[in-house]
Amino acid sequence: MFISFEGVEGSGKSTQAKLLYEWLLDRGIEVISTREPGGTPGAEEIRNFILSEKKEHFPENAELFLYMAARSFHVENLIKPALKNGTIVISDRFSDATVAYQGFGREIPVEKIEYLNSIASKGLKPDITFLIDIPVAEGLKRIKKRKLDRIEKEAVEFHKMVRKGYLEIAKKEPDRVVVIDGRKTIEEIFEIVKTNVERKTDAV
Ligand code: TMP
């Protein structure tokens, strides 16, 4: 089973991914927790490169291909082998993030991104995706105190487009994407996550 968490900056998705990981682990279930971009040494190197400030303009296509390259490392070297072993994989972001950020945020045509996603992920899609949805202003307020990376520093309008993108994906794929109001408490959100995971698998 492959589970992803998505959302705009400050949505609380990483907290939920961690709670789910610990909950499954406590039940003696084989599970790994990973993230995008990242998850393997090569993909983490790409992550550092993508998210750090550059002394030159960062072309949007370079950004797109780097996310895809990181995904390729991640899928081939970590996710696919783990799934093959019967391990549950939880990923903090996956291919929907590229549709939302590079498609809606950077305005690269979504069909092109979907095509590249299918190559980079070798056709792999999450069985279930939790979209923790929160108004952009609220999410950005939550992350204000930490040091922001290159993408987090984008204008509010960019993040609003990203949110719109995520909601469009959810509308298109309601069977896969569970939208949860990120303004609920951590406990309330986690209850919804657990219920949906339990519903999806007999193993839990
Ligand atoms: P994080 O905030 O979840 O650690 O993700 C890192 C940043 O990368 C975040 O700002 C979202 C962005 N991102 C994309 O723009 N495209 C992608 O495909 C992925 C996976 C992340």
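A brief look at the structure comes next. Sequence order sets the numbering: in each chain, residues are counted from 1 along the sequence as written. Selection of residues for local features in this predicted model requires a pLDDT of at least 70, selection of side-chain atom pairs for listing and counting requires 80 or more, and totals for whole chains, interfaces and linings are taken over all residues. Working from all heavy atoms in the structure, the side-chain values ignore hydrogens and water.

### As for the sheet that holds strand E5 (residues 177-181)
Okay, step 1: Whether two strands pair comes down to DSSP finding at least two bridges between them. Each helix corresponds to a stretch of at least 4 residues labelled H or I by DSSP, and each strand to a stretch of at least 2 residues labelled E; elements are numbered beginning at the N terminus. The strand order across the open sheet formed by five strands is E2-E3-E1-E4-E5, and the pairing between neighbours is parallel. If you trace the sheet from one side to the other, it starts and ends with strand E2 (31-35) and E5, each paired once. Across this sheet, the average inter-strand angle for adjacent strands is 20°, counted without regard to direction.
Okay, step 2: Pairing geometry for strand E1 (residues 2-6) and strand E4 (residues 128-133), over four bridges, is parallel. Each bridged residue has a counterpart across the sheet, and for Phe5 the counterpart in E4 is Phe130. Each axis is a line fitted through C-alpha atoms, and for a helix only the stretch in contact is used; angles between axes span 0 to 180 degrees, taken between their N-to-C directions.

### Observations regarding the packing of aromatic side chains
Okay, step 1: Put simply, two rings from Phe, Tyr or Trp (the six-membered ring, in Trp's case) pair if the centres are within 6.5 Å, and we call them stacked under 30 degrees between planes, edge-to-face over 60, tilted for the rest. Inspection of the entire model under this criterion finds six aromatic pairs.
Okay, step 2: Ring geometry for Trp23 and Phe190: centres 6.3 Å apart, planes at 85°, overall edge-to-face. With Trp23 in helix H1 (residues 13-26) and Phe190 in helix H8 (residues 186-200), this pair connects stretches of sequence that are 167 residues apart.
Okay, step 3: Relative accessibility thresholds used throughout: buried, under 20% of the residue-type maximum; exposed, over 50%; partly exposed, between the two (1.4 Å probe, protein chains only). With relative accessibility at 11%, the residue Phe190 sits in the buried group.
Okay, step 4: Ring pairing ties together the aromatic residues Tyr101, Phe158 and Tyr166, which thus form one cluster.
Okay, step 5: When the NZ atom of lysine or the CZ atom of arginine is within 6 Å of a ring's centre and also within 35 degrees of its normal, the charge is said to sit over that ring. A cation over an aromatic ring shows up here: Arg71 above the ring of Phe94, its NZ or CZ 5.5 Å from the ring centre.
Okay, step 6: Seen from the ring of Phe58, Arg150 lies directly overhead, with NZ or CZ sitting 3.8 Å from the centre.

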